[in-house]
Each structure stands twice: as C-alpha cells, then as structure tokens.
Amino acid sequence: DLKYNICKAIDNLTNENPTSHQLWQKLIEKCKVLNEKWRTMRRLNKKDNTKAWNNLRASLNNFYKNKNDFYKNKKEDTEKVIATKTVICEKAESFKENTDWKETTQKLIKLQEDWKNAGFSPNHLTSQLWKRFKTACNGFFNAKKAHFKNLDKAKEQNLLVKKALL
C-alpha cells in the first residue's frame with residue numbers, strides 16, 4: 001500500500017500542469033525524493049514486487065513523458081519567437097533607407113511593439129537579433145534626426161535673410 005501511494009503521489013505531481021521551468025525543477029526534485037523513498041522500502045514477495053515495480057515504472061514514465069512534452073513545446077515556442085523576431089528585423093532593415101519620415105516612423109514604432117509582444121526567448125539566442133534590430137531602427141532615426149536638423153539650419157538661414165531684407 002505504501003509503494004502504491006508513492007506511485008499515486010508521483011502521478012499527482014503533474015496534475016497541476018506546470019507552466020514554467022522553475023515549477024518543473026521543483027517537481028523533478030519531488031519525484032526524485034519519492035522514487036528514492038519507494039526504493040528504500042523493503043522488498044515484497046516476487047509476485048507483488050513485480051506488480052509494484054511495474055506500477056512505479058508506469059508512474060515515472062508518465063511523469064517524464066509530461067516533462068519532455070513541456071520542454072519540446074517550450075523549444076518549439078522559442079523557435080517561433082526567434083522566427084518572428086527575424087522577420088521583424090528584416091522589415092526594420094527594409095525601412096532603414098526610407099525617407100518617408102512620418103509613415104516609416106509609425107511602422108518602426110509598430111515593429112518595436114511587435115518585438116516586445118513577440119514573446120520570450122533566451123538572451124543568448126536573441127542578442128544578435130536585438131543588435132540587428134536596434135541598428136536598423138537607430139540608422140533610420142539618426143537619418144531622420146539629421147534631416148530635420150538640416151531643415152532647421154535652412155530655416156535659420158532663411159530667417160536671417162528675411163531679417164536682413166526687412
């Protein structure tokens with residue numbers, strides 16, 4: 001009965017359906033403790049021991065299958081996020097040389113929001129993409145700033161000419 005209850009406890013670990021790496025790490029530790037507890041219990045007769053052992057194997061297999069499914073889905077989600085961020089980078093780079101300041105500014109701001117909403121991915125995977133995206137955005141905004149600075153200088157020159165004329 002004690003071995004059966006431990007197997008039930010292992011089965012119940014994944015009832016909550018953990019949604020983060022930290023939660024899974026805690027459950028893995030609990031599963032290890034329960035497994036060790038099961039193994040330290042005294043041996044049963046051959047027939048009952050085989051049944052108990054099969055019960056433990058089924059519980060552990062179910063637990064680790066759920067864990068593996070979670071990490072496979074997490075990896076797929078990360079790949080989707082990276083693909084989305086790559087597309088965002090490509091769009092931003094296509095706007096880098098554009099001189100339609102108002103419309104392109106709005107598009108780049110939208111791309112920045114899309115980047116934020118694309119989802120989480122590990123920093124070591126997206127740091128290069130982030131640099132690429134940031135370079136494209138900065139290139140456009142610096143060109144825009146320089147353009148309007150030149151316009152301001154031209155306006156100042158025109159003002160001086162007008163003052164001199166007056």
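In this text, all values refer to a predicted model and were calculated from it rather than measured experimentally. (Residues numbered from 1 in each chain as written. Predicted model: local features only at pLDDT ≥ 70, side-chain atom pairs only at ≥ 80, totals over all residues. Heavy atoms only, no water.)

Draft legend 1. Structural view of the nonpolar core. Membership of the largest hydrophobic core comes to 15 residues, with the highest contact counts inside it found for Ile-10, Leu-13, Cys-31, Trp-38, Leu-56 and Phe-63. The set of elements that each furnish at least two residues to this core consists of helix 1 (2-13), helix 2 (21-40) and helix 3 (46-95). Among the elements that take part in this core, helix 2 stands out by supplying six residues, more than any other. (Core = buried A, V, L, I, M, F, W, Y, C linked by side-chain atoms within 4.5 Å. Buried < 20%, exposed > 50% of the residue type's maximum accessible area, 1.4 Å probe, protein only. Helix = DSSP H or I, 4+ residues; strand = E, 2+ residues; numbered from the N terminus.)

Draft legend 2. Summary view of the environment of Val-87. With respect to the secondary-structure elements, Val-87 resides in helix 3. With 50 residues separating them in the primary sequence, Val-87 and Lys-37 have C-alpha atoms 50 Å apart.

Draft legend 3. Local environment of the packing of aromatic side chains. As enumerated under the stated definition, the model contains 11 aromatic pairs in all. Ring centres 5.0 Å apart and planes at 80° place the aromatic pair Phe-70 and Tyr-71 in the edge-to-face group. Assessed through its relative accessible area of 15%, Phe-70 is described here as buried. On the basis of an interplanar angle of 70° and a centroid distance of 5.2 Å, the ring pair of Phe-140 and Phe-141 is categorised as edge-to-face. Residue class for Phe-140 comes out buried when judged on its relative accessible area of 0%. The exposure class assigned to Phe-141 is partly exposed, which follows from its relative accessible area of 24%. One aromatic cluster in this structure is built from Trp-24, Phe-63, Tyr-64, Phe-70 and Tyr-71. Between the NZ or CZ atom of Lys-3 and the centre of the ring of Trp-38, over which it lies, the distance is 4.2 Å. (Phe/Tyr/Trp six-rings, centres within 6.5 Å; stacked < 30°, edge-to-face > 60°. Lys NZ or Arg CZ within 6 Å of the ring centre and 35° of its normal.)

Draft legend 4. Representation of the environment of Lys-91 in the model. Residue placement: Lys-91 occurs in helix 3. Placed 20 residues apart in sequence, Lys-91 and Leu-111 show a C-alpha to C-alpha distance of 8.1 Å.

Draft legend 5. Just the pattern of salt bridges, in detail. According to the stated counting rule, one finds five salt bridges in the structure shown. A salt bridge links Lys-65 to Asp-69; its shortest N-O distance comes to 2.8 Å. Of this pair, Lys-65 and Asp-69 are both found in helix 3, four residues apart, which corresponds to roughly one turn of the helix. Judged by its relative accessible area of 28%, Asp-69 falls in the partly exposed class. A salt bridge links Glu-93 to Arg-132, with the nearest nitrogen and oxygen atoms 2.8 Å apart. Of this pair, Glu-93 sits in helix 3 while Arg-132 sits in helix 5 (residues 123-165), and the two are 39 residues apart along the sequence. (Salt bridge = Lys/Arg side-chain N within 4 Å of Asp/Glu carboxyl O.)

Draft legend 6. Quick peek at the packing of helix 3 against helix 5. Look at helix 3 against helix 5: their axes get within 9 Å of each other, and the N-to-C directions meet at 20°. With respect to helix 5, the axis of helix 3 lies roughly parallel. When you trace helix 3 past helix 5, the crossing you get is left-handed. Together, Thr-78, Ile-82, Lys-85, Thr-86, Ile-88, Cys-89, Glu-90, Ala-92, Glu-93 and Phe-95 of helix 3 and Leu-125, Thr-126, Leu-129, Arg-132, Phe-133, Ala-136 and Phe-140 of helix 5 make up the contact between the two elements. (Axes fitted to C-alpha atoms, helices over the stretch in contact; angles between N-to-C directions. Parallel < 35°, antiparallel > 145°, perpendicular 65-115°, else oblique. Left-handed = near helix turned anticlockwise from the far one by under 90°. Contact = heavy atoms within 4.5 Å.)

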